[in-house]
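Chain by chain, the residues:
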Amino acid sequence: MARIHYRLSFPNLHAHLVSVEARFIDAAADGPEVDLKMAAWTPGSYMIREYSRHVQDLVASDEDGRSIDVVKVDKATWRARMTHGRDLVVRYRVFGHELTVRTNHVDGTHAFLNGAPTFLWVEKRKEEPALVEIEAPPGFHVATSLDLVDGTYLAANLDELIDSPIHVGPSPALEFSAAGRTARLALWGRFDMGKGVVRDARGPDELLAQLVADTQSIMEAHARVFGGVPYEHYTFLLLLSPGAYGGLEHKRSTALLASPFAFASRKQYEELLELISHEYFHLWNVKRIRPSVLGPFAYDREAYTRSLWVMEGVTSTYDRLTLRRAGVLPAKRFFEKLCEEWSKLLAIPGRKKQSLEESSLDAWIKLYRPDENSVNSTVSYYLKGGLVATCLDLDIRLRTEGERSLDDVLRHLWRRYGEAPQGFKDADVQREFEEATGLDLGDFFDRFVRGREDPDLEGALAKVGLALKASYEREGGEETDDVPPAWLGVNTQGDGRVVVASTLSESPAERHGLYAGDQIVAVDGFRVDDRTLAKRILSRRPGDSVRLTLFRRDELFEINVVLGERPRDRFEIAPAEAPSEDQRARYAAWMGEDLPLS
Ligand SMILES: [Zn+2]
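Basis of the calculations
Residues numbered from 1 in each chain as written. Predicted model: local features only at pLDDT ≥ 70, side-chain atom pairs only at ≥ 80, totals over all residues. Heavy atoms only, no water. Helix = DSSP H or I, 4+ residues; strand = E, 2+ residues; numbered from the N terminus. Buried < 20%, exposed > 50% of the residue type's maximum accessible area, 1.4 Å probe, protein only. Lys, Arg positive; Asp, Glu negative; His and termini not counted. Salt bridge = Lys/Arg side-chain N within 4 Å of Asp/Glu carboxyl O. Contact = heavy atoms within 4.5 Å. Phe/Tyr/Trp six-rings, centres within 6.5 Å; stacked < 30°, edge-to-face > 60°. Lys NZ or Arg CZ within 6 Å of the ring centre and 35° of its normal.

(A) Local environment of the side chain of E312. Residue placement: E312 occurs in helix α4 (residues 308-325). In this structure E312 is buried but unpaired, with K287 as the nearest side chain of opposite charge at 9.7 Å. Ignoring anything within four residues of it in the chain, the contact list for E312 reads E249, H278, H282, Y381 and Y382.

Structure follows, in structure tokens:
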């Protein structure tokens, strides 16, 4: 029945190539010319990636193997002239050796394929189902969320095809049940046998068993918000690589990139659980509840929306809140993470230059393409969006006397858009939030969503009987006096060397002419490296002048900098002095447990 058949094979794993055969049955009926296209981007990652640059060796024929002429007409379009035959059979290879969740990675150990950089498609047939046959190398197993029908995978349309990454690797997927449905976990790589989480673990199976158990709890806690899950099966593709971290959400699966050392400590393990929680929550928020440009998709151009803060900010709020609700993150750690986020936000001068809506709209050229000026001119809709969503949740709880919360907003959006063929318009967002809560949120949106104000975290926490305390981060835990430490005002990078990555707006460094790219080699004549620079600055007082020796474009320079006062950058959340009954009740409703006494 399907008139589109793809066949994937891997005769050349070591060359990082996947061979694709795409057969468009009855293509001649579509007209004398058929345009084949490759996506420029993939949903969930808002950057034009020009995937077509990895396509090579493309040839075409009809159903009898007679050659068909193909000319390339632009960077991502191939035009076939159907001068004879009925079907169009295109064969090509795709290079992939970039290990991220949004690109292809093919080598002797596995093939991880995303739909966008793999499949050529025909505009007229975007709504048609496609069959995908996968010829896995001997001993390899396929994991994907596509349904298997008589030995062949079936995608209902192009959006589903592109939304279903495929993993072909040596280990079969683990199957388990969560929220009343089947879940699968396909793992590539192996976990190091760290003992920070499962103290008496004797083998990798015990680590995996812990991960599966915690993942089940997380999935079920998310499902409780929405009253069930909207799928028959869900697949986690978990790829392990040192130093790697990231995920990409899909409707019935997610691709995750994490560290093999995740079990070394509880903190590192929490990072992995947070990633799982985040991407899983997206199956509702962004994959189904979505702005209209995020499904159905146009793959050849940017999908502009002012609402990515709802998609990513609200998801960031829920990834942590759900870990708490699932019982896998202690309240203390929940609040430590919230403080870390708050501290990060306040260290970004750009938060005064860009609103959440502006940040969302410009994701394609700003958030996804950071440079030395990003910190001064932009703010992340993940970071600020998460804090704004947390404050909004607490605000709704206070103003509705506990009758409503952000959960109700999500359930409302779910009912309205979860199954709808079209998503919401940016202009609908505030109204939808207001309908869900019965509140006027104009002032809130004006200030924190459309405007550039910092969310009032201190005020929000006070509503649930918590106090936010600010102090200064110091080496060696010295916090005795409240005198601000001396401050230079740069972000640095470098392994050993100290290279200025960015100079913060209105900082002493900017005032005295320190530039991104400068390598700082000495302070007052003594050499510094990336460990000692902060200590040397900290040993001075605000108002002191220091002589910095630096290399700029390989030439030695000296500049004098009068140090300033470091803004408060260390935060702590603790129960307020004497919380009222109302505050305690709101805390309990929010966190699902009693407010600790001290
Ligand atoms: Zn996300």
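Structure's up, so let's keep going.
(B) Structural detail: the packing of aromatic side chains. Within this structure, the stated rule accounts for 33 aromatic pairs. Pairing F226 with F281 gives two aromatic rings, centres 5.9 Å apart and planes at 45°, and the pair type is tilted. A residue pair is termed long-range when its members are at least 10 positions apart, and F226 in helix α2 (residues 204-226) and F281 in helix α3 (residues 266-281) qualify at 55 residues. This pair shows no difference in class: F226 is buried, exactly as F281 is. The interplanar angle of 80° and the centroid separation of 6.5 Å between the aromatic rings of Y231 and Y280 together place this pair among those described as edge-to-face. Of this pair, Y231 sits in the loop between α2 and β17 (233-240) while Y280 sits in helix α3; the two residues are 49 residues apart in sequence, bridging distant segments of the chain. When sorted by exposure, Y231 lands in the same class as Y280, which is buried. The ring of Y515 has R552 lying over it, and the distance from NZ or CZ to the ring centre is 3.8 Å. Across the ring face of F557, the terminal group of R552 is positioned such that the distance to the ring centre comes to 5.0 Å.

(C) Region of the structure containing the pattern of salt bridges. Evaluation of the coordinates by the stated rule reveals 52 salt bridges. The salt bridge involving R7 is made with E21; its shortest N-O contact spans 3.6 Å. Of this pair, R7 sits in strand β1 (residues 4-9) while E21 sits in strand β2 (residues 17-24); the two residues are 14 residues apart in sequence, bridging distant segments of the chain. Among the residues examined, R7 registers a relative accessible area of 32% and is labelled partly exposed. By relative accessible area, which is 11% here, E21 ends up buried. Ionic contacts of the salt-bridge type, sharing partners, join the residues E271, E274, R320, K337, E341 and K344 into one network.

(D) Local environment of unusual backbone geometry. In this chain, G295 is followed by P296 through a cis amide linkage whose omega measures -5°. One can find P296 in the loop between α3 and α4. Even without glycine at this site, E50 takes up a positive phi of about 50°. Along the chain, E50 falls in the loop between β3 (33-37) and β4 (55-61). With a phi angle near 50°, A179 is a residue other than glycine that sits in the positive phi range. Topologically, A179 is positioned in the loop between β15 (174-178) and β16 (181-188).

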